[in-house]
Amino acid sequence: MHGISTKTKEEIAAAYSSSPWWYDVRGFLILTFAYRSTLWAQVRFFGGNIRGRHLEVAIGTGTLYEFIHRWRRWKKLPEASVAGIDYALPMLAGAQRRFAKTPGIELQHADVAALPYDDNSFDSANIANAVHCFPDVDAGLRDVFRVLKPGGRLAANVLLYPRGPRPLRWLAQKIDDWGIRKGILYTPYQEEDIRQRLQAAGFLVEFEQISGNTYNVAATKPVVLEGQSA
Ligand SMILES: C[S@@+](CC[C@H](N)C(=O)[O-])C[C@H]1O[C@@H](n2cnc3c(N)ncnc32)[C@H](O)[C@@H]1O
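Scope of this entry: the structure provided in the associated data block. (Residues numbered from 1 in each chain as written. Predicted model: local features only at pLDDT ≥ 70, side-chain atom pairs only at ≥ 80, totals over all residues.)

## Structural notes on helix H4 (residues 63-74)
With twelve residues, H4 extends 17 Å between its outermost C-alpha atoms, agreeing within 8% with the 16 Å of an ideal straight helix rising 1.5 Å per residue. The secondary structure elements touched by the buried residues of H4 are helix H3 (39-47), strand S1 (53-57) and strand S2 (81-86). Count one or two residues on from H4 and you reach Lys-76, which has phi positive near 60°. (Helix = DSSP H or I, 4+ residues; strand = E, 2+ residues; numbered from the N terminus. Expected span 1.5 Å × (residues − 1). Contact = placed C-beta atoms within 7 Å.)

As structure tokens, then:
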């Protein structure tokens, strides 16, 4: 039977309070055996989505975002002005230390479902490794939609129910069950479910890819032309 958490956003934030070294080691194992994805694939997917004023939702301690930032500089991609948010204070404190000397990144404590930003203020947004951690995913997607400018683009990856060869499926299921018990995972999804939730929030789904147990998706906020209703 597939599990789903009953934890609140406060309990989920409390579950993200481990020391940075364990968070990173654990993250690597989860990435490899539960998501069946690689850091390199994520850096290219999320790094390629950033432009102008960018929102990095659930930035965590910033381990992934630091790789993305370095990769963009190495590729000589245009600098962006970045706002990073996370609901777990220990995670955010890690990101604050990591980016203390990096210009162009501001960090704030916030819930994805109640973002402290004006409507239509970001050109792009990433939700990396976190959609499946939100207790109210629809409220989160709606608020990201609200703060994106028309034409703004969201990139997200979502953990799917385990698939593939039996031993790998078994291992991923064990890790998911443990993550749900601990509170660091709310629930995996089916890709159709996430596609429908994105569309219900108002997004146009532009790109979809399944890789391992991960659904990578990019979606835009439509531009409403004069004379059309939103
Ligand atoms: C698996 S970590 C991913 C961190 C980072 N994006 C990465 O890829 O390394 C999930 C993050 O989601 C954050 N999170 C969970 N629920 C949240 C919410 N309601 N609002 C904002 N952040 C949330 C957690 O605090 C945690 O830092």
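What follows continues from the structure just given.
## Comments concerning the site of the ligand
In the vicinity of the ligand there are 20 residues, among which Ala-58, Gly-60, Tyr-87, Ala-88 and Asn-129 approach most closely. When residues of the shell around the ligand are assigned to their parent elements, the largest contribution, three residues, is made by helix H1 (residues 9-15). Among the residues forming the shell around the ligand, the class breakdown is 14 nonpolar, three polar and three charged. (Near = placed C-beta within 6 Å. Nonpolar A, V, L, I, M, F, W, Y, C, P; charged D, E, K, R; others polar.)

## With respect to the sheet that holds strand S7 (residues 214-220)
The mixed open sheet is built from seven strands, whose spatial order is S3-S2-S1-S4-S5-S7-S6. The open sheet is flanked by strand S3 (105-109) and strand S6 (204-211), the only strands paired with a single partner. Put simply, the sheet's adjacent strands are angled 15° from each other on average, direction ignored. Pairing of S2 with S3, which is carried by five bridges, proceeds in the parallel orientation. Of the residues in S3, the one forming a bridge with Ile-85 is Gln-108. Strands in contact with H3 are strand S4 (122-127), strand S5 (148-159), S6 and S7; relative to S5, the strand with the most contacts, it is inclined by about 165°. Those strands touched by helix H6 (residues 137-147) are S1, S4 and S5, and its axis lies near 150° from that of S5. (Pairing = 2+ DSSP bridges. Axes fitted to C-alpha atoms, helices over the stretch in contact; angles between N-to-C directions.)

## Side note on the environment of Gly-183
By the element assignment, Gly-183 lies in the loop between helix H7 (166-182) and helix H8 (191-201). With 169 residues separating them along the chain, Gly-183 and Ala-14 place their C-alpha atoms 8.3 Å apart.

## Digging into the pairing of S1
Of all five residues making up S1, four are buried, and the element is well covered by its neighbours. Bridging between S1 and S2 involves five bridges; their strand directions are parallel. Bridge assignment links Arg-53 to a residue of S2, and that residue is Ser-81. (Buried ≥ 20, exposed ≤ 12 C-beta atoms within 10 Å, placed from the backbone.)

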